[in-house]
Amino acid sequence: MGAVARDLLDGWSTVDAVDHHCHPLRRWPFTLTALELRSGFTEALDPIIPAEHVPYTAAYAGALKRLAAELGCQSREADVIERRNRLDPQTYARALFASTRTGTMLVDTGFASADSFTLPEQETALGIKQREIVRLETLAETLVKEARDVDDWFSRVRFALQAARTAGAVGVKTICAYRASLVLTSPDRDHLETEFGRLKLSTSDGNAARIGGDTLCHALLLQAARECVRLDLPLQVHCGFGDPDEDLAKASPLGLRPLFVDPIFRGLRVALLHCYPYHREAAYLCGVFPGVYMDLSLTIPFAGLEGVRAMKETLGLCPTSKLLYASDATRYPEVFFVAASLHREALAEALAELVDRGIVSHAEAIEAGRRVLIENSRHVYKLES
Amino acid sequence: MGAVARDLLDGWSTVDAVDHHCHPLRRWPFTLTALELRSGFTEALDPIIPAEHVPYTAAYAGALKRLAAELGCQSREADVIERRNRLDPQTYARALFASTRTGTMLVDTGFASADSFTLPEQETALGIKQREIVRLETLAETLVKEARDVDDWFSRVRFALQAARTAGAVGVKTICAYRASLVLTSPDRDHLETEFGRLKLSTSDGNAARIGGDTLCHALLLQAARECVRLDLPLQVHCGFGDPDEDLAKASPLGLRPLFVDPIFRGLRVALLHCYPYHREAAYLCGVFPGVYMDLSLTIPFAGLEGVRAMKETLGLCPTSKLLYASDATRYPEVFFVAASLHREALAEALAELVDRGIVSHAEAIEAGRRVLIENSRHVYKLES
Amino acid sequence: MGAVARDLLDGWSTVDAVDHHCHPLRRWPFTLTALELRSGFTEALDPIIPAEHVPYTAAYAGALKRLAAELGCQSREADVIERRNRLDPQTYARALFASTRTGTMLVDTGFASADSFTLPEQETALGIKQREIVRLETLAETLVKEARDVDDWFSRVRFALQAARTAGAVGVKTICAYRASLVLTSPDRDHLETEFGRLKLSTSDGNAARIGGDTLCHALLLQAARECVRLDLPLQVHCGFGDPDEDLAKASPLGLRPLFVDPIFRGLRVALLHCYPYHREAAYLCGVFPGVYMDLSLTIPFAGLEGVRAMKETLGLCPTSKLLYASDATRYPEVFFVAASLHREALAEALAELVDRGIVSHAEAIEAGRRVLIENSRHVYKLES
C-alpha cells in the first residue's frame, strides 16, 4: 500500500463505520476448529472444499497472516487457532471489533441458527449498536401455512414487514438469487395461484415451507418492493456470487431492471450486495438510477486481491455517494475483523489511485471514504447519527 | 503517467485525429449552468443524478480538475463555470478543440435538438471538417407515415440511405440497443407486418413514429446492414452502456453475431461504439472477424479510471488496426475537450504498458497510436486524407 | 517483471511441467511461412485476419520479440522466419521445448490433420512423454453410421471411451461450445431420436457425420460425463473464447452447472479450458465445487497482457490447488515455446503480487506454482509421478 492510501486510512481512524449488512455471531464460549475457521472464508457448501482447497486460496492465506499479526503469533493455521482459543472470547472479540471501528451493525437475522446470538445478546456482548434487517423469504415462509390464498399471504407479508419496521428493523433483505433467477419476470396470475397452492400443500404435514422458482419468488419480491416504498425501507438484494445454491449466470443485478424503471417503485432504495463479478454492471446501475446503491461485501474478503480490483473498477461508474460498506461476515469475530480491515484498505487504495491521478484531492478522498463507511448508510437506512 | 506514455503523447502531438463518433454542439452564445455541465458527464436521465451524485463521480471530479488547469482557475465547480462563461464562446471552444487536435468530426445528427448547430454552422464555428453519420432509426421513423407497407418502408429507408450517402454521409448509426435487445433475431414475417401496421397507425393522428421492439428494430437493422454493404458504408452500432432507456443486459456486442457470420453481410464494416463493460468481448470480435472495429468512446471519459483499464484490456485481443478513436461528446466544448485529452492519455498508457514489457517498440507504439487516432477511421470511412 | 517474480521463476526452473492440454505438431521438415506463423497466434478462420491484422496484435508482436531473443536475431518477422527455417527442425524444436521444461504432454488428438505427428512419432521427435486426450465429438461422429439408434450410439460411445482409456487415454475433451450452446439443457427424448435419425441419414451417401445443435451435443456430453465418472477420467470442456465457429455469448462455463450439482455426476472431475473472458466466473466455480478445475490456456498467449491480468483475477477466487497449466498450442514449436514461457511468467507475476502483499510467503508461492505446473495435473489425470 502506498503512502497516499496510508494517509487515507489514518484519516478514517476515528470513523466508526456502519456495517450495513452482516449476520449474527456464534454464541461464545466455544472452541474454534480449523475447519470452522476455513468455512468462514468460503461460500462452498461441500466439506471437501474447506478440507482440501481453502488453505490454497488467497483469502484464507491472507486471513491467517492478518490474524497472526493481530494475535502476535506465527501465521500457521494451528498457531492462530491455538492462540485465539486460549483467550477470553469476549475480550478477544471486542478487541477485534475495536480494531475494525464498527459503530453500528445492521444484521440480517434470517441466517441465524440455534447457537447464534440474538441481537440484544450481540449488542451486549460486543458493546456495538445492532439494528435488524428482515430477511424476506424467511419471513414469508413462516406465513404460508396460515394464509388462505396468495393474496392473503402477500397481505400477511406486508403486515409482517410493517410490524418488523415498528419493532425497529431498518431494511428488508431478499435472497431471491438463492431460490430463483434474478432476471425478474411478471408472474402469471394463474401460475402464481397454482404455485402457492402447491407450496401450502407442502406444509400440510407439518413441514416448513420453502419457497423457490421464479413465479413465487419474483411475485414476493415485487410485493415486498412496493411495501418497502410505502414503509420507506430500503431493499437489500443479494446479487453476484454466493454459495452454490445459486446459479451465478442468473444473479446479475441487471436483471432487477423492473425495480428501477417501473414507476410503481419510484422512490425505492435498493442496496445491491456483493455484486462480483457483476460489480461493473452494478456500478453502472448506481450511476444512472437515483435509488440504487451497492456494496462489495463478501467480495472483500473472499475474493483475495480481486477485492481491491473490484473496488477500483467500481469507482469507475459508481458515485462515492452510492457505495456502502459491509462485511457480510457471520459467526466468527475473525471474519468480521478480516473483512473490515481489508475493506478499509481496499477503499483507501482505490481512492488513492484517484488522488495519485489528480482526479480528487486528499480532502475529497477523505470525505468520499467517510461517505462510504458511514454517511451513505445513515442516509439509506435513515439512521440517527 | 510514466515517461514512456508521455513520449508517446509527444509523438502524436501533430496527429490531427478523426473523431469518428460525436454529436452536434449547442449553438452559442449561451450561459452554462452547473447542472448542464454535470449532465454532460453522465448517462443518467433522472435529474436527481446530476443534482446529487455526479459531483461524487471520478468522471466529473476529474473533468473539473482538467478544465480548471486549462482555464487557469480553481477546480471548484463554481470557479470553472464562472470563468468559462466570461470568455468569448467561439474563442473558448476553438481553444479547447485546438488542444485536442481534432482534425475531422464524424457527427451523428440524430441526437440534435433545436438549439444544436447544423453541420455547416459547426464547421464554420470550429474551423474543423464535419462529415455526417446518419442515424438509422431517426431516418426510418420519418418514413413510416408515407410507406404503404413494411416492404415499401424498407425500400424508402434504403433509398434515403443512398441519398444520404450522395449528400456526403460517411456512415450509418444504429441505436437499436435503446429500442430493443441487441441479441439479433430473424423477425417473423407475419409479426413484422403486424408490428409495422401498428406503428403506421400510431402516426395517423399526426404523432411522430417511434419504433421499438425486437421485430421492427432487428428487421430494420438487418435491412440497413445489407444496404450498407451495397453502398460501401460502415455501420456504427451502439453497444455496452448508455442511458437507462437501454437494458444493459441485452446490449453486448456478442448478440450482433449474425452480422459477422451470415454470408449476406460479407464485406460489411461494423464499428462497435462504447462497448464497456463488454469491451473484452468486443475486442474478441475484432480479433476474429475482419469487418469488426470498436471504440471506447463514452467509456472515456464517463467511466473514470476504468477508461484506462478498458483500453489496456482491449489491447489484449483487439489488433491496433481495429481500434478507433471517438469522443461521443455532445453539446458542450468541455465534454469534447475532456474526452479527447483523456482518450489520448489512456491510449498512451495502454501502449506504454506494451513498450515497458518489450512487446512493441517505441516506434511501433507511435504507429499504433496513429492508426487508432486517424488511419483506421480513414480506412473504415474511406475519408480522403 | 519484478524481483519477486524472477525469484519464483528461478524456483521453478527444475519443474518439468505437465501441459495438460495441447495438440499435435506438424510433422517436420517443412518450411514455415509468415502467414503460417501468424495463423498460429490467432483464433480467426478468415485469412484476412492473419494477412492484415495479426501483426498489429500484442500477442504476435510479443511472440516475435521472444522468438528473436531465443534465436539471436532481429525481431522483424522476416528475420525470425528466415532464421528458424535455416535450422535443423528437430534440434530447433527440442531446444524450444527444453527451454519450456515441458515434462509431459496431454494431447487432444481430435484436431490432427494428415500432416500431424502421431503421438508415438511426437514422443520420439521431442523426447517428451505423450498421453492422449480423446475428443468426444470426433470419436462419436465416427460411430454414427453403424449405430442402430441413439441408445446404440451412446452405447458405442461409452464402449469407445472405455477402450480409449484401456489404450492409455487419460481424459476426454468436449468441444460442445463449437457445435452448440454451453448452457446445458436436458434433451427431450423424442427430439433426440429425431435429431439422431437426421444425423444418421446425413451419412447415408458416405458423408462423415457432423453433430451440432443443443439436443445432440448436450445429450452426448451428459452421456460422456456419466461415463467419465464410471471410468474415473476427467472431462475437459472448451469454454470461453475460441475460433468464430462458436458463439462466445453461449460459451460461459456457468452454463455447465448441471455437471456440478446433479448427484449423478458426483465425483466427476471437470477441467475448464481457456475460460477468458469468463475466467472470474470459472474461478468462482473452482472455489465452490470440489470437482472443478480450470486453466488459462489460449488466453495465454493469445490475449497479450490480458494473460497476466486474467491470471491475477483468477487467483482471486480459484484455489491454487484447482488451477492447471496448459499451452493449447498446436502445429508449430514456436507456439508451444511462447505459450509456455508466458504462462510461467504470468503465474510468477500473479503469485508475486500475493507475496508483495504479504498474503503468501515466498515458499508458499513456490509450492503454489509447483501445484499449477505439475501436481494438480498429476492428481486430476492420475499420472504416475
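Residues numbered from 1 in each chain as written. Chains lettered and ligands numbered in written order. Predicted model: local features only at pLDDT ≥ 70, side-chain atom pairs only at ≥ 80, totals over all residues. Heavy atoms only, no water.

## A word on the interface of chain B and chain A
Facing the 36 residues of chain B at the interface are 30 residues of chain A. Summing the contributions of chain B and of chain A, the shared interface buries around 2600 Å²; its carbon and sulfur component is 59%. Three residues, B:His53, B:Tyr56 and B:Leu305, lead the burial of chain B against chain A; their summed loss comes to 22% of the area buried on that side. At the junction of chain B and chain A, the tally comes to five salt bridges. (Contact = heavy atoms within 4.5 Å. Buried area = accessible area lost by both parts, 1.4 Å probe. Salt bridge = Lys/Arg side-chain N within 4 Å of Asp/Glu carboxyl O.)

## Observations regarding the nonpolar core
Counting residues in each nonpolar core, the largest one holds 442 residues, and the members touching the most others are A:Trp153, A:Leu259, B:Trp153, B:Leu259, C:Trp153 and C:Leu259. Aside from chain neighbours lying at most four places away, what touches B:Leu259 is B:Leu184, B:Leu221, B:Leu222, B:Ala225, B:Leu235, B:Phe265, B:Leu268 and B:Val270. (Core = buried A, V, L, I, M, F, W, Y, C linked by side-chain atoms within 4.5 Å. Buried < 20%, exposed > 50% of the residue type's maximum accessible area, 1.4 Å probe, protein only.)

## Here we look at helix α9 (residues 150–166) of chain C
Residue and element names in this part refer to chain C. When the terminal C-alpha atoms of α9 are compared, their 24 Å separation across 17 residues agrees well with the 24 Å that a helix rising 1.5 Å per residue should span. All buried positions along α9 are accounted for by Val150, Asp152, Trp153, Phe154, Val157, Ala160, Leu161 and Ala164. The residue sitting at the N-terminus of α9 and contributing the capping side-chain oxygen is aspartate 149; that oxygen lies 3.2 Å from the backbone nitrogen of aspartate 151. Looking one or two places after α9, you find glycine 168, whose phi comes out positive at around 115°. (Helix = DSSP H or I, 4+ residues; strand = E, 2+ residues; numbered from the N terminus. Expected span 1.5 Å × (residues − 1). Polar contact = N/O pair within 3.5 Å; in protein donor to acceptor, adjacent residues only side chain to side chain.)

## Some remarks on the interface of chain C and chain B
Note on interface size: it is often stated as the accessible area lost on association of the parts. In this complex, chain C contributes 36 residues to the contact, which on the side of chain B involves 30 residues. Surface buried jointly by chain C and chain B totals about 2600 Å² across both partners, of which 58% is contributed by carbon and sulfur atoms. If you sort the residues of chain C by the area they bury against chain B, C:His53, C:Tyr56 and C:Leu305 come out on top, with a joint share of 22%. Viewed at the interface, chain B and chain C are joined by five salt bridges. Residue B:Arg280 pairs with C:Glu306 through a salt bridge whose shortest N-O separation is 2.6 Å. Counting the contacts that link chain C with chain B gives 14 residue pairs in polar contact (both at pLDDT 80 or more). Secondary structure elements with two or more residues in the side of chain C that touches chain B: α3 (48–53), α4 (58–71) and α16 (306–317) of chain C.

## Let's talk about the layout of surface pockets
If you add up the space inside the largest pocket, you get close to 1700 Å³. Contributing to the lining of the largest pocket are 50 residues, with A:Ala249, A:Tyr278, B:Ala249, C:Ala249 and C:Tyr278 lying nearest its centre. Here the lining of the largest pocket is composed, by residue class, of 25 nonpolar, 10 polar and 15 charged. (1 Å grid on protein atoms, 1.4 Å probe; cavity = no way out; pocket = protein on both sides within 12 Å on 5 of 7 lines; lining within 4 Å. Points joined across faces, edges and corners; volume = space filled by probe spheres on them. Nonpolar A, V, L, I, M, F, W, Y, C, P; charged D, E, K, R; others polar.)

## Some thoughts on the relation of the copies chain C and chain B
Of the transformation superimposing chain C on chain B, the axial component is 0.0 Å and the angular component is 120°, with the fit at an RMSD of 0.0 Å. Read as a symmetry element, the transformation amounts to a three-fold axis. Measuring from the rotation axis to each C-alpha of chain C, the shortest distance belongs to C:Arg309, at 6.2 Å. (Least-squares fit on C-alpha atoms with pLDDT ≥ 70 in both.)

## Notes on the relation of the copies chain B and chain A
Superposition record for chain B on chain A: RMSD 0.0 Å, screw rotation 120°, translation along axis 0.0 Å. Comparing interface residues between copies, only 3% of those in chain B also sit at the interface in chain A, which points to a heterologous contact through distinct surfaces.

## Section: helix α1 (residues 3–11) of chain C
Residue and element names in this part refer to chain C. Taken as a whole, α1 has its buried residues at Ala5, Leu8 and Leu9. Taken down its axis, α1 places every buried residue within 100° of arc, on the same side. For α1, exposure combined with an orientation more than 90 degrees from the buried face picks out Ala3 and Asp10. In this structure, the buried side of α1 is in contact with α17 (333–356) and α18 (362–380). (Arc of directions from axis to C-beta.)

## Observations concerning the packing of helix α1 (residues 3–11) of chain B against helix α18 (residues 362–380) of chain B
What describes two packed helices is the angle between their axes and the distance between those same axes. Residue and element names in this part refer to chain B. At a minimum axis separation of 10 Å, α1 and α18 run at an interaxial angle of 50°. It follows that α1 is oblique to α18 by the angle criterion. The two elements α1 and α18 cross, and the hand of that crossing is right-handed. Here Asp7, Leu8 and Gly11 of α1 come into contact with α18, specifically with His362, Ala365 and Ile366. (Axes fitted to C-alpha atoms, helices over the stretch in contact; angles between N-to-C directions. Parallel < 35°, antiparallel > 145°, perpendicular 65-115°, else oblique. Left-handed = near helix turned anticlockwise from the far one by under 90°.)

Purely spatial values, then, with no claim about function.
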